[in-house]
Amino acid sequence: MWWKIAQKEFLLNLFSTRFNISLLLCLLLIPITIVVSLSDYNKRLNTYQVDKENAENALKTARVYTAVKPVLVFPPRPLSILCQGISNQIGHSVRIIIDEKPLLGEGSSNGRDNPLLMSFFYFDFVHILAILISLLALVFSYDLFSGEKENGTLKLVFSNSVSRSTVVAGKISGVFITLLPILALCYFISIIIILMSPQVSFSASDWLGVFILFISSFFFMALFIGIGILVSVKSNSSYNGIVVSFFVWLWFLFLWPNISVYASQSFVKIQMLDQLQQSLRVLIDEREKKIEELRKNLPGLGRFWCAAGGDDGYLEIVGSAFTAIDDQRKLQEKSVPLRLDYAQKKWHLQEAYLGKLERQERFARYLSFLSPSELFNHLCSVVCHTDAVADKKLIDQSRNYRDLLMNYFVQKKIFSSFIFFTPQPENQFYRTWDDLITFVTDGECKSWNDVNEWAKNHGGSSNVLYKVDYPQGKFSYYKPLDLSDLPKFSQSAMNINDSMPVVFIETGALLSLFIVLFSLIFNLCIRYDVR
Amino acid sequence: MLEAIDLTKRYEDQELALDSLTIEIKEGEIFFLLGANGAGKTTTINLFLNFIEPSGGKALINGIDVTKEPLESKKYVSYVSENVMMYGNFSARQNLDFFAKLGGKPNLTRDDYYMRMREVGLQEEAFEKKVKTFSKGMRQKVGLTIAIIKDAPNILLDEPTAGLDPKAAAELMQILLNLKRQGKSILMCTHDIFRAKNIADRVGIMKKGRLVMVRTRDEFFEDDLEKIYMDYMQEMIIER
């Protein structure tokens, strides 16, 4: 008999305007959302490929180890098409340098070329689904009992030899069999559009993720059906029911998440980023002073034939006197450990800052879990590996890789070697500047004084230094480094198995809420006053 | 047969809605329960249908205690309420089909439904029309058809003529007379004293939850039912 009642509910819904509007909304919103997400994903994928190629080229062309600053570029996750999580808020690459441990991702991760477009409304599939399905669940359940009571049909139903539990089970099932095809249709449309895109390929783990998303969506929908039925049982009229349902919907989907963020910002205070940067600046100044002291004790540091450098520690020198180049080596030998030491000191400050950021995020997340929609959104971002924890894992891996790389450099004594900053072999250096000047001026000058004198007599020209071809004094003369034994960064593949503990806990939470809510509803419905 | 023995209902706010009602409605009898609003008429029906639990006494349908065996007792009773909207998005036939199955008649055909609807005077073109387009009279006829289709030996009607035009009300009474001839026990709660005079075998007048008077057809013609009823109503107004 419950099936007959469920069929009746289904047919009544099927013939209703709300069903047609719901279907229309799904058919409009879901394809548009997926097409936009897909386009964003493809752009992010292109950006990733370009950045990856640039990073590889930069390593391939490095002639000295100061230029070896691997850039780790993380590919966008295919499931981010369905749930972007924080993946479009946080950079997708990390640069490994001596002076700093990676703190957060760098670079742009959003799929929009024009940053001004970021001000426009954007919701991914999971957000749209959460909004749509919760709304539909409430729309189809807010008057499940109160509506029939108003129509008088509930008394008519209960005047028959049918138990209350049968009626309740039938009515609830009717809402489920109405909404389940809509939910399945949303997923079906999305998957078809994704499959039609040649740039996207889902692994077996991704498909399992999609399945888990579907199951979670079902529980999420069930919770809102439960809330709608609860409202229907407790409200005096369907008009009151729709008002209460709408408020509940706004509360869970829009108000509570904002309240959670506000509360976490109020209760878990963090220092401002500017303050952190100021503290880091103090350390940097301290470090630079110490390096300057080292520099003072190395009088040989001076001119170079050809040199290039940058704030990021890059230094490349060719064509110099041995005295100068050796002083430079000594400077690097002493300054790099100092820089590593200060990177560690900076990391202590950054780690504390990061810890507070994470604490604040956790507080907001746990608080937001009082809303089923936030629980659902987080669960989806975990399944799609686009949550804060997945991002943290990547940065942790990058940090470990930096440690590995620095250890490798230390073990290979790279920092105390010439190859650290010059591609020129040691035996090719002239002993003194006078020897080098004599060679390049073809004996016309014997020292820098002679060069200066020559320049004075020739209107400030320094052409005398280029009388003889000196290819060793050009970067292009030297081959790139052989980095075949350089430790490689291996990003541990994001697998659904990694997320399983959280998935189990949060799906379990949704399921528990579902069981508690439906037990309560069943109990209330059994005692429902049908008059 | 419908039977109430010392049937009492006191709500949680201690209001006494029904006070020791004892009546017996035999096969082929139409019993009209008259009374002002709040006299206890609808409470009586709610108790017979086990929508509420009695505070005392018992209601029996074909000898079955409705409190002890609610599902069993409901097999033997049909119900027609005031102003039933039905399922608006269903046609008249779909409404009948659903309630027939609910009432334990799963094997009825489309023709069976059509035949019953013809019997209550519904026009052919209305059979497959959505009920939300129906007038109140038409909806009430669908409600009555639902009761007829169940073919239960007892019928409870709660103000079925409220809001109906005289013609529709007269048709409804005719249908009740037909049902009475088939041996159904009919309990109808109403304010409509004129209909009561026309078709009731017995009339009971309720006041503040008490059945204050019962008259047979012969008695109420002798005693001038309208005058008695109006006197009771007058008393109610003065007491208020």
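For every chain, the first residue of the written sequence is number 1, and numbering continues from 1 onward in sequence order. Chain A is the first chain written and ligand 1 is the first ligand written, with later ones labelled in order. Local features in a predicted model are, by the rule used here, given only for residues with pLDDT of at least 70; side-chain atom pairs are given and counted only at 80 or more, and totals for whole chains, interfaces and linings are based on all residues.

1. Quick notes on helix H3 (residues 92–102) of chain B
For the exposure call, what matters is how many other C-beta atoms sit within 10 Å of a residue's own: 20 or more marks it buried, 12 or fewer exposed, and in between partly exposed, using C-beta atoms placed from the backbone. The helix and strand labels rest on DSSP assignments: H or I over at least four residues marks a helix, E over at least two residues marks a strand, and numbering proceeds from the N terminus. For H3(B), the tally of buried residues reaches ten of eleven residues, placing the bulk of the element in the interior. Along H3(B), the positions that sit buried rather than exposed are Ala92(B), Arg93(B), Gln94(B), Asn95(B), Leu96(B), Asp97(B), Phe98(B), Phe99(B), Ala100(B) and Leu102(B). On the buried face of H3(B), the contacting elements are helix H1 (2–14) and helix H5 (153–158) of chain A together with helix H4 (110–119) and helix H5 (136–150) of chain B. Remark: Gly104(B) follows H3(B) within two positions and exhibits a positive phi of approximately 85 degrees. Residues are scored as being in contact if the C-beta atoms we place from backbone atoms lie within 7 Å.

2. Looking at unusual backbone geometry
Even without being a glycine, His385(A) presents a positive backbone phi close to 55 degrees. Among the structural elements, His385(A) can be located in the loop between helix H11 (372–383) and helix H12 (388–411). A positive phi angle, close to 60 degrees, is found at Asn50(B), a residue other than glycine.

3. Some thoughts on the packing of helix H3 (residues 125–141) of chain A against helix H7 (residues 204–234) of chain A
Two measures define how a pair of helices packs: the angle their axes make with one another and the distance between the axes. Residues and elements named next belong to chain A. Interaxial angle, 0 to 180 degrees, is taken between N-to-C directions of lines fitted to C-alpha atoms, where a helix line uses only the stretch in contact. The interhelical angle for the contact between H3 and H7, taken along N-to-C directions, is 35 degrees, at an axis separation of 8 Å. Judged by the twist between their axes, the crossing of H3 over H7 is right-handed. In this structure, H3 uses Leu-129, Ala-130, Ile-133, Ser-134, Ala-137, Leu-138 and Ser-141 to contact H7, whose residues at the interface are Ser-217, Phe-220, Met-221, Phe-224, Ile-225, Ile-227, Gly-228, Ile-229 and Ser-232. Considering only residue class, the contact of H3 with H7 consists of eleven nonpolar, five polar and no charged. Definitions for this section: a left-handed crossing has its near helix turned counterclockwise from the far helix by less than a right angle. A right-handed crossing has that turn clockwise. Residues are grouped as follows: Ala, Val, Leu, Ile, Met, Phe, Trp, Tyr, Cys and Pro are nonpolar; Asp, Glu, Lys and Arg are charged; every other residue, Gly included, is polar.

4. So, the packing of helix H2 (residues 17–60) of chain A against H3(A)
All names here are of chain A. For the pair H2 and H3, the least separation of the axes is 10 Å and the interaxial angle reads 175 degrees. It follows from the interaxial angle that H2 and H3 lie roughly antiparallel. Contact residues: H2 offers Arg-18, Ser-22, Leu-25, Cys-26, Leu-29, Ile-30, Thr-33, Ile-34 and Ser-37, while H3 offers Phe-125, Ile-128, Leu-132, Leu-136, Val-139 and Phe-140. Tallied by class, the residues present in the contact of H2 with H3 amount to eleven nonpolar, three polar and one charged. Note on angle classes: values under 35 degrees are labelled roughly parallel, values over 145 roughly antiparallel, values of 65 to 115 roughly perpendicular, and the remainder oblique.

5. A look at the interface of chain B and chain A
Between chain B and chain A, the contact holds 22 residues from the first and 19 residues from the second. Within the residue set of the side of chain B that touches chain A, elements represented by two or more residues are strand S6 (77–80) and H3 of chain B. A total of four residues in the side of chain B that touches chain A trace back to one element, the largest contributor, which is H3(B). Of the residues that constitute the side of chain B that touches chain A, the class distribution is 13 nonpolar, six polar and three charged.

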